[in-house]
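What follows is the residue order along each chain.
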Amino acid sequence: MPEIIIETFNIKRIDILDEKGNADKSLMPALSDPEIKRMYEVLTLARTFDHHALSLQREGRMGTYASILGQEASQIGSALALEKSDWVFPSFREMGVYITMGYPLHMLFQYWGGDERGVKCPDGLNIFPVCVPVGTQTPHAAGAAMAARYKGDKIAVACYFGDGGTSEGDFHESMNMAGVFKLPVVFICQNNQWAISVPRERQTASKTIAQKAVGYGFEGIQVDGNDIFAVYKASKEAVDKARRGDGPTFIECFTYRMSDHTTADDAVRYRTKEEVDEWKGRDPILRLRLFMEKNGLWNEQYQKEVEEKAKAAVDEAVKKAEGIKHPEPKDMFTYTYENLTPRQIKEMREL
Amino acid sequence: MAEKLNMVQAINLALKEEMQRDKDVVILGEDVGRDGGVFRVTEGLWEEFGAERVIDTPLAESVIAGSAVGMALYGLKPIAEIQFMGFIYPAIDQIFSHAARVRSRSRGRFTCPLVVRTPYGAGIKAPELHSESTEALFCHMPGLKVVVPSSPYNAKGLLISSIRDPDPVIFLESTRLYRLTREEVPEGEYTIPLGKAKVIQEGKDITVISWGSMLHRSLQAVEGFDAEVIDLMTLNPFDEETIFKSVKKTGRAVIVHEAPKTGGFGAEISATIAEDAMLYLKAPIIRVTGYDVVMPLPKLEDYYMPTVERIRKGIEETMKY
Ligand SMILES: Cc1ncc(C[n+]2csc(CCOP(=O)(O)OP(=O)(O)O)c2C)c(N)n1
Ligand SMILES: [Mg+2]
């Protein structure tokens, strides 16, 4: 009997906004002018936050921090496709997602300052605490999606992770679960080309990360992660599809980590300046500005206002975070269980 | 000539010398190659021994440990690095279900001479899950050895012994000690046997038992007491003889560790003393440990760790008898 091909696949890649600010009208998602301006304002706010966080760390006013520089469009473009009622499972490099969802800025500074209270998600938001062990949040997304469907809630669950995260077993198990049960999850991979010092080629031999989804029976798509229109479009379609009950989607945002891995890292040890410079030219915020300028949505005055507003918000958040009283030592006991154990009660007396 | 090295450099030297001596020794883990490890413990080894022997793996602890098991079964001597002890959990199935058991399951036909190195413990104000001290989990698993150095000198000697050991060894490196002190670490091979504790300081009134970073606080806390201080170094199998000998002399024991108290390794030591040396005791055995809480973030870290003050209180308590 002859050999036959029983399966083939194609991976789509979406690019809408180029580096010069030209947008492909045929692919452009439906966005009003105020919506586009909101994109720009949140991008600016996130970058301002990030910049301040790095300087606070340098000044010894904050702990180790993972910068989002260069990845703002991937984070904000995807988060803008979500509703407040959707559930979000981030990793540790998603400050842009938190900011877009409306998470209080001062609490983010508080968390990175080493204070647990900063990840007590305010009521009305369903964004989970920063997840440090790589990839371990992905099963939660599958489970929450299953629960939402069981309860009849028409929500989507967004799950964020990096290119490195796709090597962990948890990631594959969650993708499989989502595929088998057609769960309402959107898996959002920020492929920023590096996992600390390990390049993307060391995580997988496959040509794209998007094609991982094929093995689990659902669609994987790659987008230019520095193009907020492409990220938004793919995310919006995936979120709508999840809400309709049409199952999971995997989105690979092809982007770049412009900073060191964290403030404890020195990327000069393992990557070239040329590579970093090349990506500088693909800045996600600059290209949106150029687009807006071409379309009469941007001028110097507006820029000044946006920057000042962002700076004021961040300054106030820093002030607020630094003004918060040091946590009480007893706090470390209080939340271990609903009730203290007899031994904890004894231990607390030692404080 | 012995040069003054910190613990990072001493471990690096042990790795380098063992790799020079034995072609079957390989290193694998996240960022261990080109980057030289996030703490620089493997610095220079990728350049010297190449990418085939110093392997930057994909980000996946289960396959780091599990493929190390496969390599060991095949006859290599893998040294797997898990970037922080808090990230070892995905690897536990491989370590517990396979590394620890394969000698037993194959009645000695296959063995697993590997080392899993991982930084542990609090004290450098690191992010969440970068400060764990879960040594007791590994001590509970028959088939595994657990080693915790306390100084640059013993780190080198213990690591060489661990690499040459015929069974799997979990080698825990205190992040707080990595760069805290320097001491003379000779070039060339020397070994410190596994399973043997060291009496760091002799004394008559009380025995203080500790390991890793807490040993240093214990040494500060015993000032003014006629205390015998034991550095356990190997937690499993641990040196009961040295402990008995000391406790029989002093009649008092304080055990210090930074892991939470409940189910911590101090419980094992305490029970062993109670079983075999009870009649020599003048006072209850006291454990000074971390609290039974989730390891807090940096702002509360100092309140979690046993302080010199708390250790001293524990000593004073037993000295009342
Ligand atoms: C299970 C686990 N292993 C190792 C680490 C240490 N670590 C933190 S981030 C990171 C790299 C993550 O790379 P990627 O998933 O691509 O995310 P990125 O940092 O690029 O955002 C590593 C190895 C960790 N946090 N968790
Ligand atoms: Mg990455």
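Residues numbered from 1 in each chain as written. Chains lettered and ligands numbered in written order. Predicted model: local features only at pLDDT ≥ 70, side-chain atom pairs only at ≥ 80, totals over all residues. Heavy atoms only, no water.

Caption draft 1: Expanded view of the overall build of chain B. Helices and strands together make up the secondary structure of chain B, namely 12 helices and 14 strands. The C-alpha atoms of chain B give 19 Å as radius of gyration, which agrees with the globular expectation for 321 residues (20 Å, within 12%). By residue count, 62% of the 321 residues in chain B fall in the buried class. Contacts spanning at least 24 positions in sequence make up 80% of the contacts within chain B whose residues lie at least 6 apart. Side-chain charges of chain B comprise 37 positive and 45 negative groups, with the mean position of each set lying 3 Å from the other. (Helix = DSSP H or I, 4+ residues; strand = E, 2+ residues; numbered from the N terminus. Rg over C-alpha atoms; globule rule 2.2 N^0.38 Å. Buried < 20%, exposed > 50% of the residue type's maximum accessible area, 1.4 Å probe, protein only. Contact = heavy atoms within 4.5 Å. Lys, Arg positive; Asp, Glu negative; His and termini not counted. Charge placed at Lys NZ, Arg CZ, Asp CG, Glu CD.)

Caption draft 2: Structural view of the domain arrangement of chain B. All names here are of chain B. Domain boundaries in chain B define domain 1 (3-185) and domain 2 (198-319). Spacing between the C-alpha centres of domain 1 and domain 2 amounts to 26 Å. Each side of the interface is counted separately: domain 1 has 28 residues, and domain 2 has 24 residues. A buried area of about 2100 Å², summed over both sides, lies between domain 1 and domain 2, and 55% of it is on carbon and sulfur atoms. (Domains from an automatic or database assignment. Buried area = accessible area lost by both parts, 1.4 Å probe.)

Caption draft 3: Broad picture of the interface of chain B and chain A. The interface is formed by 36 residues belonging to chain B together with 36 residues belonging to chain A. Contact with chain A buries surface across chain B, with Leu 59, Tyr 291 and Lys 299 of chain B losing the most and accounting together for 20% of the total. At the boundary of chain B with chain A, the tally comes to 3 salt bridges. Listed by contribution, the elements that provide at least two residues to the side of chain B that touches chain A are strand 14 (286-290) and helix 11 (298-304) of chain B. Tallying contributions element by element places helix 11 of chain B first for the side of chain B that touches chain A, with 5 residues. For the side of chain B that touches chain A, the class distribution of residues is 17 nonpolar, 6 polar and 13 charged. (Salt bridge = Lys/Arg side-chain N within 4 Å of Asp/Glu carboxyl O. Nonpolar A, V, L, I, M, F, W, Y, C, P; charged D, E, K, R; others polar.)

Caption draft 4: Region of interest: the sheet that holds strand 8 (residues 249-254) of chain A. Residues and elements named next belong to chain A. Pairing is parallel across the open sheet formed by 6 strands, whose spatial order is 1-7-8-4-3-2. If you trace the sheet from one side to the other, it starts and ends with strand 1 (12-14) and strand 2 (87-89), each paired once. Averaged over all neighbouring strand pairs, the angle between strand axes comes to 20°, with direction disregarded. Here strand 4 (residues 185-191) runs beside strand 8; their pairing, made up of 6 bridges, is parallel. From the neighbouring strand, Asn 191 faces strand 8, where its bridge partner is Phe 254. (Pairing = 2+ DSSP bridges. Axes fitted to C-alpha atoms, helices over the stretch in contact; angles between N-to-C directions.)

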